[in-house]
Structure formats: structure tokens, C-alpha cells
Amino acid sequence: MNTANRIEPDGERKQVTVLFADVKGSMDLAEQQDPEEWRRIMQGFFSILADDVNRFEGTVDKFTGDGIMAVFGAPIAHEDHARRACYAALRMLDGIASYAADLRRKHGLNFSARIGINSGEVIAGEIGSEGDGAYTAIGHTVGMAQRMEALAEPGKAYLTEEAAEAARGFLELEDLGDFEIKGASRPIRVFELIGIGTARSRLDLSRERGFSTFVGRDEETSVLAAALDRTRAGEGAAIGIVAEAGIGKSRLCHEFAERCRGEGIEVFEAQAQSHGRGIPFMPVLQMLRAYFGIVDADPERIVREKIAGRALLLDPDLADDLPLLFDFLGVPDPDRPFPQLSAEARQRALCGVVCKLVHARNRREPTVIVVEDLHWIDEGSETLLRELVGAIEGTQTLVIVNFRPEYERGWSNQPAYREIALQPLGLDDTRKLIGDLAGADPSLDGLAEHLHERAAGNPFFVEEIVRELVEAGHLEGARGAHRLVRSVEEIGVPASVQAVLAARIDRLEPDAKQLVQAASVAGKEVSEPTLVGVSGLAEGGRCEAALRTAIDAGFLYEAELYPKRLLAFRHPLTREVAYGSQLAEQRRSTHAATARAMIELNPERHDELAALIADHMEEGGETQEAARWSARAAYWAGHSQPRDAMRLWKRTMDLTGELDESEEKAALAVTSRLRQLDYAWRLGMEREEEARLVEEAEEIAKRTADLRSLTLLRALLGARPGIVRKGEDWIAATDEANRLADESGDHHLQVAIRAATAYSRLCVADFEGVNRHCDEVLELAGDDPGAGAGIIIGCPVAWARMCNGICHRERADFEPAREQLERALEIANEQGDPETASWTRSNLATLAAAQGDVEAGLAMARRNHELTERLGDVFSRTISLTSLATVELAAGDHRGALDTLEEAEQLYRSAMGTGGELSAWRGALRVDALHGLGRTAEAVELARTAAAEARENGMLWPLPRTLRALAEALAKGGDEGAAEALGEAADVAQRTGSTFALDEIEQARERIAAARA
Ligand SMILES: Nc1ncnc2c1ncn2[C@@H]1O[C@H](COP(=O)(O)OP(=O)(O)OP(=O)(O)O)[C@@H](O)[C@H]1O
Ligand SMILES: [Mg+2]
């Protein structure tokens, strides 16, 4: 195997801008020259290019022979990588133009270059043979930049749409339309770089797009207003505003500046630029030009007049300083040149002049100076600013500066200085902001909360995500009147936001960055020991130091300190960006390491963590482990969280499918299918899906001679959800399952299947059969209440007592019935079986009603309903609703009962497709409710259908009730058929031994007779 060429594992995915520049037609040109001469010419060309790349902090990736490839944004990310590449390109084109003019003069050469620029993701890192690999970037993004270069006309720079989008506003671009490009599947839109644009900062860009309504910030605004009052009183003040990128420092300053201007106060603004650190005094120059009212078009003489005019008016003593000001502002007076000074001396002199301007004796009006983005300020400007702030006491000058937290401010101990830490927007303000951007359409419900959480109150992030949602077609309609047409869950991180966050992450020292990346894989929250384990920084105090840095820099916070330190990401987006920056291979190994650390460090919590461990194992490529842990998690979710359990079993099945054949694979494959079938009767399942699972499970069980699974399959086939079954077939299937269980000799299996069989007997009203099976369950279980637990239902022993209780109730032996049901509830609760507990409470509620204690019945039914809703499975919820309706009817609340029954019907049918084995029960109750409401015709019709269904399917348990309800409805309508229906009802009740039903029939007979009389 050839391992010479490989990517070092420390490669990263990065968003960058790639620039290609080369000489057009270099072969022909080279041919015209002596090779040595040509080499010198190219050397000159390369050094122009390399200088410009370095100036904007790009990296020359490689020399291509007749040009270069440069990358902006890697190894160190810059949030404005596209702008930097464009500035470099503009300078290159200028530099090359004069170089070419020179060459034309000296050598008669027609030398010209062209540039291509593209932005996007690359993989950056050391690539090459082991040991001597060089840092480089690879990926489609690189290829497209090269294509742009090949396309560009001589002397021009072409951009792809992605680069243009990132540079728009800051640079002037011309849209050249679509081009067919080799290697691109669709036409590519191409832009030409023309020059500098109008925007100087991101806020300018926002202004051009149309500011969003200014929200919140009342407190900060009043701090600024108070400072202005002090300044007016001649005290002077300086305020520093500090916050992360995008929180709204510039916007706050802008709003305040506008307010000052509105009051007739002069405001001068300047800002440091991210690519301007190398250009000394840029912000000071900006500030002074604004102060003297100088514009680009002013000729030198006018500039000097403006400076002198204003300076002398302020203070005639400034006359001596004019040469320095002229010189600094680039308009030296030929008659009075400024003497040559050392850089330091010149700087000191400049500081002196600025302080004099502030203290000028004729100044009457307050002045506001705003200097933005000090985190990018050059040293000279910073010194000057510090002196300025030191000197403003007793003046009418208010200095407002802003910066990001990473800025080390050296002058915050100045007496006139105060700092405002600008906080993220609160939810209410985010809501207002989103209301302004997107509108108030009902489809946007919940969007504000979602975005607030994702953007962590950062208005820039909010704006960009909304823009992304619009562009990706999730939001339709005009700004401020959008409709949400697609879910926003899967939307990624906008490139602009990613650029800011990636740059923040890259500014961390290597250990802290490694830690943050590891944490992003380990999860939203991760315990300290796990993080230490996966960070690769275990030795010494390295991890702790890195952790401190990550916390101090605001990436992580301590979500809990005791009993274990739990670390969490402060911003969800930072986590996404940190996660996305890693190579898949690296993420995989961190996921697997996280899983292993969780297992090792939490020996008592394996069950609880199993689902999470399975996630990490799966992401870590450890499919077998993932399948095991997923099964464990599914068992743990069990019957208390049936939906989770169903999902986890499906996942286990899918994971198992990827494994090589083995005994374990077969076991997991069959169990995961049987388990899903076991949840199917609780939750519902598509018919085809169910058929497929049955077929596959049967095939595997037969192939592996797995009698236990075959037995279960028989029993579960009997329990298929919602099948309109024939009682006799059902009984036959469960009897067969019983026989197989006995054959297997598996004691637990025997108990589980006996219990399931009791249910089929109950539905066909074979009460003796129920008792027989239940007694066998109790006998087989002996003194083990956990016998057969969890195979089909949670606790067969509790279930058996419950069924015996139901039979007692049918025989109208109410006290023994209560005794059994109460005991069943006790055992179910002790054994942690919330389902059997729910069913038992349902029966206790109806028993109370049967005994005439309607109040107690209602209380029990309502409480049960509440608890069962939490369980979430359709089968139990339907039963709890049915029992609630029974008690409501007993209480004479026909309306309430009807509503409850309709809810139950809807719930069951929509999940199962049919009404199931208890459909006739609900039918009988609905008939009574309709009857009570005077809707006799509907009652009669429904009763006929329900009775026919029960009769036909052999569901004899509900049949007497259905017929009794039919008789009462018929009698109400004056129909003679009533007597016949009552006769049949009594006949069935008699045959099946339901004294309770017989009593009800007798009462009905009396009611009918009374109504006739
Ligand atoms: N209070 C606010 N109400 C409405 N929009 C706001 C508010 N604060 C900021 N914004 C908007 O959020 C975006 C980012 O704000 P701004 O440019 O002021 O951030 P910043 O803190 O200066 O960031 P950076 O450090 O990158 O300069 C802008 O479009 C701005 O209009
Ligand atoms: Mg700003």
C-alpha cells in the first residue's frame, strides 16, 4: 500500500478564500527572453505577489511556476478572509501594472497577470510524504479559484459567487453573468473585482441592507447619556463598550452618535481595521480628517487651509504645530517642511498636538469621538488614544471606544474611563428583532425562541440566520412579512457567522482549541473526567489550564460544579463550528473515545447513559458496540417510555443489519424485531412494516432453531394491533404459543405466555379460562413477583391478579374483585410496571362506579388518565379514556362521556387503522351516551353495528352490554325489537356467567317497563 501521500491527522476543515495569480502566456514570454533574465523578471513578479499576500496576512501556499496560490483564512482564520484576498488582489493588479509598464520600457515585453478568487471549505493541514509534508489546502474550492484565474482577462481579477457574496459591499464588483466551467456541474456566476466598495465596516453593510429596528439597550443608552451630561459640564469622560462580535457595539455607538448629532453635537468617528494593524495611525488619521472636515477630493492647498483655519480658531498657539499636522495628514507645506524626526519623537509630538486640540482654550461646544474595534488597533494609535483619554478630564470631550473581549486594554485605570459590558439580547428583545425581520405570521410561532437559543442573543447571528432562512427558501414572502414553509431544524451555520466563530476558535492557544474541539464532539454537556479523557491533554495540569482558558474566553462554562464538574458550551453555534472544523476521521475517534470514557467513568449509570453511549459508538464507527448499547437503552426505556423503546429497537435493528454474521448478530436481529412487534400492539404500526418484521423474525428464528423466539412470535401474532380478529383463531394462536412455551421448558416464557393467553380468554368471555391461566401464572411464579417480567408485559404476576379481579367483578363479587385489583396495583408499582398499574387503576375506577361510588370512580379515572398520558402508549391511553367514560356515564355526564369516547376512538383508530378487540366495548358506551343525549337514531344504528361486530368476531365479553344498550335505544324509539335484544343479551350473559351484565340487563328491563307505564 502506498502510504507516502497522506493527510496528517491534524488537518482541519476550514472556510477560506483561495487566490490564484499568474502571468498570462508565460511560455511565449519566456521564449523571448534569456532564461536568466526571465528568472529575474519572474522573481520580481513573485515578490510583488508575496508582499501583497503577506500584507493582508494570507499565506503563500505554493509557487506554481508562473504564479502563486495563496490562502486567506488558514492556518489562522480571519473572519474577513474574502475581503483580505480582494484587497491583496487590488494591490497586486496595481503593482503588476507598474511593473509591466517598466518591463515594456526596458524589455519591450507585454507582461500581464490575471487573478482568480474563490471562497469555501478546504481541508488544510500538512499534506505530503511523512515527515516533510508542507502545510497546504486542498479541495474543490481550490480548483474553482484556479478556474477563475484561467477565465480572467489579463489585468483583471475574477471572483466566484461565494467569494463575491462574502466581499459584497466592502468591494466594488461587477456581475459578469453565468459561465460554463469545466469541472462544475452547473453554470457558474462570475464577478469582476473593480475596486474598493462603500462599506467600511459590517455595520455599513447592515445600513445598506436596511437596519433592523433598534431594540433594547435602554440601560446602556442612559449610561452614555449621563457621560454626555458630564462632558457638557466640562468634566470629560471616556466609555469603553466591550462585547463579542455581533452583539451590537457598533450599533449602540451609531444610535448614540445619531442622537448626539440630532442635538447639534459634533461626532467624529474612526475605526481600526482587521487588516490595518500593519498600517500605522490609520484610525488617528481618519479621526483627524473627520475633525478638520477633509474629504478625498480636496486639493492639498484646501486641506491645509481647513486644518489651519480650524486649529487657529481653537487656539492661536497651535500655529507652531501646523507643519506637523500638515505632514501627518499627507499635505506637507513646501514652504515650511516638518523636520525629520525619529518615529518615537514624531509620535510624541503628534500626541501633544492632539491633547492640545482637546484642551484648546476657545472650545465651547462638546465633542464626541468614537473609535471602534480597538482589538485591531495599531500600537501608535493606541498610545495616542490612551494619552487622549488621560487628558480629557476637565474638557468637553467624550470619547467612546468599543472592542471585543480579547483586547488587552492597558488604560482602563484612567480616572475618566468607565466600561460597559454589553450583554446579549434577552428573549423579549430577540422576539422584537425577529418580529421586525420576519413578521408575525402564525407559521413563525416558536421561531424566535428557536433562533434565540441558537444565536444566544447575538443580533448579528439572528440577522444572518434569518437571511439564510430566506435564501434557502425556508422563509417565503417579503421582509417583515415572511411565512415559514419548511422546518428550520436542519439549517446550517451561515458562512458569515461561521467566519466569525472560526476566527474566535483559532485565536485560542493550541491546547485550548484542541480541548474545545474535543468537547464539541463529546456533547452539549460533558463531565470533566470524560473531557479530560478524550482531549488528549491528560498529563500534568495541561487540561486544567486549557479548560481555564476555554472558560475565560467564554467558550465553555461550568454548568454544574457538584458532585461532578459538568462543562457546557455557551453558544450552540460555536459548538457546531468547532465540530465542523474537524476531519471526519478525527471526529470518529473522539466519539469512540467519548463512549469508552463514559462507560469507564460511570459504572453505576450504564443504563441511563446507554442511549448516549450508543450514539457515540455509532458516530465513532463502532457499529457492534452501538447495537449492543442501543439494545440496552431500549430495554431501559422499557414500558415506561414505549416510544423511545420502539425507536431504539428500530435503531438496534438497523445497526445490526450492518454487522457481519455471528450468533450475537442473529440474536440481536431477532430480538429487535420481536420487540418492535411487542410495541406494535401498544403504539400501532404500518401493516406492511409489521408483515415484514414478522417474516424476517420468523426466518431468522427458524434458521437458528430459536424456539423461544418462535414461541414469542406466535403469541405476538395473536396480539397484532387492531386486527379485527375472530375469537376462536386468537385462542388457537395463543394455545399454540402456550404449547411451544411448555415445550421450551423456559419457566419465564411459560409465565409470560400464560398471562398473554388470559387476555384472549377475557375478550371471548371465557372467565373460567382466564382464572385457570392466571392461577397457573401465580403457581408457576411461586414467590417470585418478577417471573416472566418484561417479556410481553411488565409484571405477569400483577397482571394475573388484575385479570382475576376483573372476573370477580363480572360475577358481581365486588369485594373480592377490589381485593385482587388493589393487590395487583400494589405489585405492579413495586415491580415498576406502569402499564399494568394503569390498566388496574382503569378497572378500579369502573369497579367503584359499579359499586355506586361515582365520586371515587371519577377521582381514580382522572388521576389514571393523567398518569397514563405520560406513558404515551396508545393501547393504555385508550383503555384509560374508556374507563373514564364509563365513570362519566355513571355520573350522568353524557356529553363528557361522548367526548372522551370520541377521543379514544380517534386515538386508537388513527394509530392502529381499526378499532381493535375492545371496539364493541367503546361502542356500547357510546350508544349509552348518545341515548342519554337524546340522539336515539344514531344510538340505534351504532348499537346494531357494534353488536354485529362483537357477535361475528366472537368477542362475547362486550356483547351483552352492546345488546342491552341497543335494547334501551330501541325502546326509546318505540321499537318492538327491544325485547328481542334484551333476550339475546341475557342469554349471552347467562352463558358466559356474567352476573354483573345480567344485573344491568335486569335494571334496563325495569327502566324500559317504567318508561312504558
Ligand atoms: N440593539 C439592537 N437592535 C437591533 N439590531 C441590532 C442591535 N444591536 C445590533 N444589531 C444589529 O446586529 C448586527 C451586528 O451589530 P454590530 O455590528 O453593532 O455588532 P458589533 O458588536 O459591533 O460586532 P463587531 O465586533 O463584529 O464589530 C448589525 O446588523 C446591527 O444592526
Ligand atoms: Mg462593530
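In this text the structure is predicted, and so the values were computed from the model without any measurement.

Conventions adopted
- Residues numbered from 1 in each chain as written.
- Chains lettered and ligands numbered in written order.
- Predicted model: local features only at pLDDT ≥ 70, side-chain atom pairs only at ≥ 80, totals over all residues.
- Heavy atoms only, no water.
- Near = heavy atom within 4 Å.
- Polar contact = N/O pair within 3.5 Å; in protein donor to acceptor, adjacent residues only side chain to side chain.
- Areas by Shrake-Rupley, 256 points an atom, 1.4 Å probe, with all protein chains shown as cover.
- Nonpolar A, V, L, I, M, F, W, Y, C, P; charged D, E, K, R; others polar.
- Core = buried A, V, L, I, M, F, W, Y, C linked by side-chain atoms within 4.5 Å.
- Buried < 20%, exposed > 50% of the residue type's maximum accessible area, 1.4 Å probe, protein only.
- Helix = DSSP H or I, 4+ residues; strand = E, 2+ residues; numbered from the N terminus.
- Contact = heavy atoms within 4.5 Å.
- Disulfide = S-S within 2.5 Å.
- Phe/Tyr/Trp six-rings, centres within 6.5 Å; stacked < 30°, edge-to-face > 60°.
- Lys NZ or Arg CZ within 6 Å of the ring centre and 35° of its normal.
- Pairing = 2+ DSSP bridges.
- Axes fitted to C-alpha atoms, helices over the stretch in contact; angles between N-to-C directions.

Enquirer: Could you clarify how one ought to interpret the site of ligand 1 in this entry?
Expert: Inspection of the region around ligand 1 gives 23 residues, with Arg202, Ser206, Gly246, Lys249 and Glu463 positioned closest. In the environment of ligand 1, a nitrogen atom lies 2.8 Å from a nitrogen or oxygen atom belonging to the backbone of Val215. At a separation of 3.3 Å, an oxygen atom of ligand 1 approaches a polar backbone atom of Ile247. Taken by itself ligand 1 offers 630 Å² of open surface, and the protein chains cover 98% of this. Its residues assigned to classes, the shell around ligand 1 shows 9 nonpolar, 6 polar and 8 charged.

Enquirer: Help me understand the nonpolar core in this model?
Expert: Among soluble globular proteins, nonpolar side chains are generally buried collectively. One finds Ile753, Tyr759, Ile792, Trp799, Met802, Trp839 and Trp957 to be the most contacted residues of the largest nonpolar core, which totals 127 residues. Counting residues per element, this core draws most heavily on helix α26 (residues 663-683), at 10 residues. Setting aside its immediate chain neighbours within four residues, Trp799 contacts Ala755, Ala756, Ala758, Tyr759, Ile793, Thr836 and Trp839. If you look at the next biggest cluster of nonpolar residues, it comprises 50 residues, including Leu425, Ile434, Ala518 and Val526.

Enquirer: I tried to follow the state of the cysteines on my own but got confused; where do I start?
Expert: Every disulfide links exactly two cysteines, by a covalent bond between their sulfur atoms. In total, this model carries 0 disulfides according to the counting rule given. Just so you know, Cys351 is unpaired, no disulfide at all, and the nearest cysteine sulfur is the one on Cys355, 6.5 Å from it. Judged by its relative accessible area of 17%, Cys355 falls in the buried class.

Enquirer: What should I look at first to understand the packing of aromatic side chains in this one?
Expert: Any two aromatic rings considered together are summarised by their centre-to-centre distance and by the angle between their planes. Taken as a whole and assessed by the stated rule, the structure comprises 21 aromatic pairs. Judged by centre distance (6.4 Å) and plane angle (40°), the rings of Trp681 and Trp839 are tilted. Pair noted here: Trp681 is in helix α26 and Trp839 is in helix α34 (residues 834-850), with a separation of 158 residues, a long-range link. Between Trp799 and Trp839 the ring centres are 5.6 Å apart and the planes differ by 75°, which places this aromatic pair in the edge-to-face class. Here Trp799 is found in helix α32 (residues 796-810), whereas its partner Trp839 is found in helix α34, with 40 residues between them in sequence. When its relative accessible area of 8% is taken as the criterion, Trp799 is described as buried. Given the relative accessible area of 3%, Trp839 is considered buried. Through a chain of ring-to-ring contacts, three or more aromatic side chains come together here, namely Trp38, Phe45, Phe46, Phe63, Tyr99 and Phe111. Looking at Arg83, its charged tip hangs above the ring of Phe170, at a distance of 3.7 Å from the centre.

Enquirer: Help me understand the sheet that holds strand β13 (residues 397-403) in this model?
Expert: Sheet strands line up and pair through hydrogen bonds in the backbone, either parallel or antiparallel. Overall, parallel pairing links the 5 strands, which are arranged β11-β12-β13-β10-β14 in an open sheet. Looking along the sheet, the strands with just one partner apiece sit at the ends: β11 (266-271) and β14 (417-421). Each neighbouring strand pair of the sheet contributes to a mean axis angle of 15°, computed without reference to strand direction. Inspection of the sheet shows β11 paired to strand β12 (residues 367-372) by 6 bridges, in the parallel sense. Along β12, the bridge assignment pairs Gln271 with Glu372.

Enquirer: Just checking my understanding: could you explain the side chain of Glu372 for this structure?
Expert: Along the polypeptide, Glu372 turns up in strand β12. Separated by 2.5 Å, the side chains of Glu372 and Ser250 make a polar contact. Beyond its immediate stretch of four places on either side in the chain, Glu372 contacts Ser250, Ala270, Gln271, Ala272 and Asn402.

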